[in-house]
Amino acid sequence: AQIYRYAKRPLVYKLMEKVVLDYIFPYPRRLSLLADTIGLYQVSGLQRSVHLSRLLKLIPGELDQVELMLPTVPSRKLRRELPEVTPAEGERRLRVAFFSGCVMNLLYPSVNAKAVRLMALQGCEVIVPRDQICCGALHSHRGNLETARRMARKNLDVFSQLDVEAVVADAPGCSSVLKEYPELLRDEPTYQEKALKFRDKIRDISELLVGEPLNGRLGQVPLKVVYDQPCHLLHAQRISQEPHTLIRSIPGVELLPLVESEMCCGSAGIYTLTHTEMSLQILDRKMENILRSGAQAIVTGNPGCLLQLRLGALRRKAPLEVLHYVELLDRSYQAGKAIATVRG
């Protein structure tokens, strides 16, 4: 935070950061417009023209490599809002709220949709509050605590009104900073009690899904995978066993050991953008270990990790799938559903 306040940085850099973090990310509609703009850049042919012109090579640093990270941004139709209420299948055992996140919602909406579906299949009524906003993780990472606190207050006002037993996120970067709201707002007595109650309800999606496996509903997924542990899940939240157990519970999946799975992939919040050269060096080390494992797919749980590892596979021209563990479990459920349909 002190570096953010006092360090000297180029004016253009500071202005761009101010616009993106303060005037776009806290506002879902503006964020959606940004996604539309990136999507247009990708589908209009402009992205291909920029690549062919090698313009990105003229910019200092490794911007051309970072640009490769972006998956195809889903259209607004595919980014449609999740239902505000998804009823539990069968008897309701839990009522939970889902924190959809901003990057997950814009770049990986299908993961969010699958997360909600799987929770409903396990007997959860899932509430997705319309007024939730970005968690503030990117702002906190940069030391922009004033904006992070403003976003924390907004989310606490929204979620504290809900009668739920848990608040579930499928992005550990989000759940990590959500648990830090009490410290972020430690000097604000009005919000301290809300923040403490909120923190105690936060769960990673793996913690919920591993509790009630979809027994009898899972089909074979013949795939050799490695699990790369997101730092915000392992180190910030001390959650490791649940994702491993979840992956091992999927029929046909062979979970291979990964050397240094506990080490960062190089994404490190926004280090891919702010410390690109170091980030890519760390990624190269990670990819060496992954390629030596003999895996066909990399499983992880954070959007930053998904983007970074996808970049690693592209740089190595390696035919590796990069999957969220929610996607792997849903793939098994769909396989089981297909078999049940045929038998029926």
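The model shown is predicted, which means the values in this text are computed figures rather than measured ones.

**A few points about the sheet that holds strand S6 (residues 223–227)**
Then comes step 1: In spatial order, the strands read S7-S6-S8-S9; together these 4 strands make up an open sheet with parallel pairing. Two strands in the sheet have a free side with no partner beyond their single neighbour: strand S7 (253–255) and strand S9 (321–324). Strand after strand, the sheet turns through a mean of 35° between neighbouring axes, direction not considered.
Then comes step 2: Pairing of strand S8 (residues 297–300) with S9, which is carried by 4 bridges, proceeds in the parallel orientation. Bridge pairing links Ala297 to Glu321 in S9.

**Let's talk about the packing of helix H17 (residues 276–293) against helix H18 (residues 303–316)**
Then comes step 1: Orientation of H17 relative to H18, taken along the N-to-C sense of each, is 75°, at an axis distance of 10 Å. On the basis of their axis angle, the class for H17 and H18 is roughly perpendicular. When H17 is examined against H18, the residues Ser279, Leu280, Leu283, Asp284, Lys286, Met287, Glu288, Ile290 and Leu291 are found in contact with a partner set consisting of Gln308, Leu309, Leu311, Gly312, Ala313, Arg315 and Arg316.
Then comes step 2: Residues of the contact of H17 with H18, tallied by class, amount to 8 nonpolar, 3 polar and 5 charged.

**Remarks on helix H3 (residues 28–43)**
Then comes step 1: The terminal C-alpha atoms of H3, which comprises 16 residues, lie 22 Å apart, in line with the 22 Å expected from a rise of 1.5 Å per residue.
Then comes step 2: Within H3 the residues assigned to the buried category are Leu31, Ser32, Ala35, Gly39, Tyr41 and Gln42.
Then comes step 3: The first or second residue beyond H3 is Gly45, which carries a positive phi of 100°.

Conventions adopted
Residues numbered from 1 in each chain as written. Predicted model: local features only at pLDDT ≥ 70, side-chain atom pairs only at ≥ 80, totals over all residues. Heavy atoms only, no water. Pairing = 2+ DSSP bridges. Helix = DSSP H or I, 4+ residues; strand = E, 2+ residues; numbered from the N terminus. Axes fitted to C-alpha atoms, helices over the stretch in contact; angles between N-to-C directions. Parallel < 35°, antiparallel > 145°, perpendicular 65-115°, else oblique. Contact = heavy atoms within 4.5 Å. Nonpolar A, V, L, I, M, F, W, Y, C, P; charged D, E, K, R; others polar. Expected span 1.5 Å × (residues − 1). Buried < 20%, exposed > 50% of the residue type's maximum accessible area, 1.4 Å probe, protein only.

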